[in-house]
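Structure at a glance
Each chain, written out:
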Amino acid sequence: MAHAHKLEIFRGLVKFKSNTQKIWGVLIFLTLVTAVEVVLGIYKPEVLMGKVLGMKALNWIFIILTLVKAYYITWDFMHMRDETKGLRRSVVWIAIFLVLYLIFILLQEGGYVFDVYDNGFIKRDF
């Protein structure tokens, strides 16, 4: 059974007449977001070098723009919008759990490596 894909993006704000037009529209959106990332990465504005929640504001912008692109690619090109709510949630919850777990591991190991370089060998009891 054929299933027609929705020909709109941004939750229906922009509508297209064909799949080809939609692909070009999505390509333009993703290109603009990537161009903003590249320009910010090249110029590194001094305004965005201040600390926000322990990291530079520029790093937060990169993280947010990367998440926007990942969400949009998953939502449109992997057709998650056409799936059931349960499947969408299970995919997102697993990804969130794995990212949080990765952050925890990186912070734990990074802290240990920093302590080793700073103070010499340290034995940790967890």
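By the naming in an unreviewed UniProt entry, the protein chain goes by Cytochrome C oxidase subunit IV family protein and is assigned to Thalassobellus suaedae. Comment text from UniProt for the protein chain, heading Subcellular location (unreviewed entry), reads "Cell membrane".

Per the counting criterion, the structure on display carries one salt bridge. Among the salt bridges present, the one from Glu37 reaches Lys69, with a minimum N-O distance of 2.8 Å. Linking Glu37 in helix H1 (residues 19–43) with Lys69 in helix H2 (residues 57–77), this pair joins segments that are 32 residues apart in sequence.

We now examine a nonpolar patch on the surface. A contiguous nonpolar surface patch, about 720 Å² in accessible area, is contributed by Val92, Trp93, Ile96, Val99, Leu100, Ile103 and Leu107. Structurally, Leu107 is set in helix H3 (residues 85–119).

Phi is positive for Lys44, close to 45 degrees, though the residue is something other than glycine. On the accessibility criterion, Lys44 (47% relative accessible area) is partly exposed.

Quick look at the environment of Thr74 now. In this structure, Thr74 sits in helix H2. For the pair Thr74 and Leu87, spaced 13 residues apart in sequence, the C-alpha separation works out to 13 Å. If sequence neighbours within four positions are ignored, Thr74 has contacts with His79 and Met80. Here Ala70 takes part through its backbone oxygen, which lies 2.8 Å from a polar atom of the side chain of Thr74.

Each value, and the rule that gives it
- Within every chain, residues take consecutive numbers counted from 1 along the sequence as written.
- Note on the predicted model: pLDDT of at least 70 is required for a residue's local features to be given, and 80 or more for side-chain atom pairs to be given and counted; whole-chain, interface and lining totals, by contrast, use all residues.
- As a rule here, side-chain values cover all heavy atoms of the structure and leave hydrogens and water aside.
- UniProt positions are given in the numbering used here, feature names are shortened, and annotations may be inferred rather than shown by experiment.
- Any Lys or Arg side-chain nitrogen located within 4 Å of an Asp or Glu carboxyl oxygen qualifies as a salt bridge.
- Only DSSP runs of H or I with at least four residues qualify as helices, and only runs of E with at least two residues qualify as strands; both kinds are numbered from the N terminus onward.
- Only residues whose relative accessible area exceeds 30% and that take part in no salt bridge are eligible for patches, with like-charged residues grouped when within 9 Å of each other and nonpolar side chains (Val, Leu, Ile, Met, Phe, Trp, Tyr) grouped when within 5 Å.
- What sets the accessible areas is the Shrake-Rupley method with a 1.4 Å probe; for residues, cover comes only from the shown protein chains.
- Here's how the labels work: a residue is buried when its accessible area is under 20% of the maximum for its type, exposed when over 50%, partly exposed in between, all with a 1.4 Å probe on protein chains only.
- Contacts between residues were defined by any pair of non-hydrogen atoms, one from each residue, lying within 4.5 Å.
- Identification of polar contacts relies on pairs of N or O atoms within 3.5 Å, with a donor-acceptor requirement for protein atoms, meaning one able to donate a hydrogen and the other able to accept it, and with residues adjacent in sequence counted only if both atoms are side-chain atoms.

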